[in-house]
Amino acid sequence: QDFRCRQRPDPRLDRDGKHSRLLQLQYKGYKTEDPSPKQQKALPGIVLKQLYRLLRTKRSRAIADLCIGAYFFAMRSYEYLTVNGPTRNTKRLRLRNLRFFKHHSLLQHSSSQLHTADFISITFEDQKNDSRMETVTMHAASYKILCPVKSWARIVKRILKSPNSSSNTHVNTFYDNNKTMKVTSKDTTTALRAAALVLGENKLGF
């Protein structure tokens, strides 16, 4: 109304007098069936490091790498894990969504230099806000464990060692006891709680 009083155009409308396409997509995203996120405390990096100290099984190793990789991209659980509940619009990441670059040249997933890439780009095919094919890039860190490039490189290498793996294989896949298995959101929640419990309130600060 303030815009009308000042004889200014309505910012919600495009040149044709219709609601902006961007606003329409945003409104549609708000109406999806995905539940509103619950506010939680931020996850400290020391918890992720503790996950590595607790490695005992192939599942725990897969969990640690996934949690670290997702941490740098601020991913929702259903973007990289198997989650129970209603069907969501968001598509879980597959190997084809991960691209590694060194000196601005694309590295093949089979490259022995994958972990030395300068940066990684992840393309999210479909997200909650109705955006499609959005690509997010993160540069490598100097740390051995807490590094987006190294964590996702470990994930790719592990999956490629599994029988029948391909570019369409989900990133939360691992192979154990001659079986192809998936890391679930319940798996990661249990592991993160165990790591936090070992650290204790004094180290965590809450």
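1. Topic: the overall build of the protein chain
Here's step 1: Scanning the protein chain from N- to C-terminus turns up seven helices and six strands.
Here's step 2: Listed N to C, the secondary structure of the protein chain is α-α-α-α-α-β-β-β-β-α-β-β-α in terms of helices and strands.
Here's step 3: Taking all 206 residues of the protein chain together, 37% fall into the buried category.
Here's step 4: For the protein chain, long-range pairs separated by at least 24 residues make up 58% of all intrachain contacts whose partners lie at least 6 apart in sequence.
Here's step 5: On the protein chain, roughly 13,500 Å² of surface is accessible, and the fraction owed to carbon and sulfur atoms is 50%.

2. Remarks on helix α3 (residues 45-53)
Here's step 1: Within α3, the full set of buried residues consists of V47, L48, Q50, L51 and Y52.
Here's step 2: As for α3, its buried residues are in contact with α4 (58-73), α6 (148-160) and α7 (185-204).

3. Here's the deal with the pattern of salt bridges
Here's step 1: Applying the stated criterion across every chain yields a total of five salt bridges.
Here's step 2: R158 is the salt-bridge partner of D65, the closest N and O atoms lying 3.0 Å from each other. With D65 in helix α4 and R158 in helix α6, the pair connects residues that are 93 residues apart, well separated along the chain. Residue D65 shares its accessibility class with R158, and that shared class is buried.
Here's step 3: R96 is paired through a salt bridge with E125; the nearest N and O atoms lie 2.8 Å apart. Of this pair, R96 sits in the loop between α5 (77-80) and β1 (98-102) while E125 sits in strand β3 (residues 119-126), and the two are 29 residues apart along the sequence.
Here's step 4: A residue is classified by how much of its surface remains accessible, and E125, at 17% relative accessible area, is buried.
Here's step 5: When salt bridges that share partners are traced, they join D65, R154 and R158 into one network.

What counts, and where the lines are drawn
Residues numbered from 1 in each chain as written. Predicted model: local features only at pLDDT ≥ 70, side-chain atom pairs only at ≥ 80, totals over all residues. Heavy atoms only, no water. Helix = DSSP H or I, 4+ residues; strand = E, 2+ residues; numbered from the N terminus. Buried < 20%, exposed > 50% of the residue type's maximum accessible area, 1.4 Å probe, protein only. Contact = heavy atoms within 4.5 Å. Areas by Shrake-Rupley, 256 points an atom, 1.4 Å probe, with all protein chains shown as cover. Salt bridge = Lys/Arg side-chain N within 4 Å of Asp/Glu carboxyl O.

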